[in-house]
Amino acid sequence: MLVAVVFDSAGTLLRTYRVARDILRGEMLTEVETTTLTFGGEARVLVVLHLHSRDVMEAPGDQILSEFLSEHSIGFGVACSMRVIPVEEVAEILYSDKRALVSDLQACIREVWSSCKQESIVTMNSGVILNMDLPGIEFTVTTGGRPFEGAREAISELHRMGVPAYIASGDRLEKLERMGDYLGIPRERIYGVATPSMKARIVEELKSQYEIVVMVGDAINDLNAFQKADLAILTEQQSDRKPDILYAYVDRVIRNVSEVPGIVAELLSGTPATGSKVQQYKP
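Numbering of residues begins from 1 in every chain and follows the order in which that chain's sequence is written. Predicted model: local features are reported for residues with pLDDT of at least 70 only, side-chain atom pairs are reported and counted for 80 or more only, and whole-chain, interface and lining totals are derived from all residues. Values reported for side chains reflect all heavy atoms of the structure, with hydrogen atoms and water molecules removed beforehand.

### Comments concerning the pattern of salt bridges
A pair can form between side chains of opposite charge whenever their charged atoms are brought close.
(1) Moving on: Here a salt bridge means any side-chain nitrogen of Lys or Arg lying within 4 Å of a carboxyl oxygen belonging to Asp or Glu. Taken as a whole and assessed by the stated rule, the structure comprises 16 salt bridges.
(2) Moving on: Notably, a salt bridge pairs Asp22 with Arg25, separated by 3.1 Å at the nearest N-O pair.
(3) Moving on: For Asp22, a relative accessible area of 5% puts it in the buried group.
(4) Moving on: Look at the salt bridges and you will find they share partners, linking Asp8, Lys199 and Asp222 into a network. Per-residue accessibility, obtained with a 1.4 Å probe over protein chains only, is compared with the maximum for each type, and a residue is labelled buried under 20%, exposed over 50%, and partly exposed between these values.

Laid out in structure tokens, this is it:
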């Protein structure tokens, strides 16, 4: 039986620390779930910026962020949004915003780095949440992550079983590839800046190559992929505070990513599922 496993990144393979700066209120939000924050408003769009933290920290803090992005030809990718918004509209709002300053993003980077700098393996991503109704940048965001304990071993075990592991994530591809190198996932199996609909499409495409495709994720932006997967696994390793709808569309709930190889072994052997919580709600 040919089986493949698709993993989300942040919160699934990586213990992630996320912060956001509310531009309108001038407040820092710590340990925030960026996808949940994005889905909190129909007009919000989570945008991943293709930049290096060092370049941001070296820039004048009082410079308007959109001017910095234009000056340095910073590209972007749309990670998720409540509704489909043309990329041209996103670009227009992103590069013309006059509210957010470089210092707003610097504050996020500084906060995440202060929490993650002791880690031996760290990946950081920064971006913004646009509000198309403002219009403009509503939040600057930064995430920093390290592999969960057992993640590397879980990937190795899957490979020993002959089961390929993939990553489909809204994070920047460059960062994901570096993390994939550490975890042992080939770069050709890594998909970055993947929106919820793109994740679902990746799962569908893999189903043409494998008899069973497993999706492992932790957040609302994995819901579409869960619905397309043959087996959907929700991990609570980052947090057990999940939207109720997620539990209605998954088959298994786990507390540690190290449980995934055992579940896959059950699939390969035909043994009834044991150990993890089994959900009966998936249509």
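### A short note on the nonpolar core
(1) Moving on: Within this scheme, the nonpolar core is defined by two criteria: the residues are buried Ala, Val, Leu, Ile, Met, Phe, Trp, Tyr or Cys, and they are joined through side-chain atoms within 4.5 Å. Core analysis: the largest hydrophobic core is formed by 32 residues, its most contacted members being Val47, Leu49, Leu65, Leu94 and Leu130.
(2) Moving on: The biggest single contributor to this core is helix H5 (residues 102-116), with six residues.
(3) Moving on: Each residue touching Val47, except ones within four places of it in the same chain, is listed here: Phe76, Gly77, Val90, Leu94, Gly127, Val128 and Leu130.
(4) Moving on: In this structure, Ala165, Ile167, Val214 and Leu231 belong to the second largest nonpolar core, which totals 27 residues. Runs of H or I in DSSP of at least four residues are treated as helices and runs of E of at least two as strands, each being numbered from the N terminus. Residue contacts are counted whenever heavy atoms from the two residues lie within 4.5 Å of one another.

### Quick look at the pairing of strand S10 (residues 212-217)
(1) Moving on: Counting buried positions along S10 yields six of six residues, so the element is predominantly enclosed.
(2) Moving on: Residues Ile212, Val214 and Val216 point to one face of S10 and Val213, Met215 and Gly217 to the other, with burial holding for every one of them.
(3) Moving on: Any two strands between which DSSP finds at least two bridges are classified as paired. As paired elements, strand S1 (residues 3-7) and S10 share five bridges and run parallel to each other. In the strand pairing of S10, Val6 is matched with Met215.
(4) Moving on: Pairing of S10 with strand S11 (residues 231-235), which is carried by four bridges, proceeds in the parallel orientation. Across the sheet, residue Val216 finds its bridge partner in S11, namely Ile233.
(5) Moving on: Read as a crossover between parallel neighbours, the route from S10 over helix H9 (residues 223-228) to S11 is right-handed. Throughout, right-handed denotes a crossover for which the path from the first strand over the helix to the second runs clockwise when the strands point away from the viewer.

Shape is all these values report; function is a separate question.
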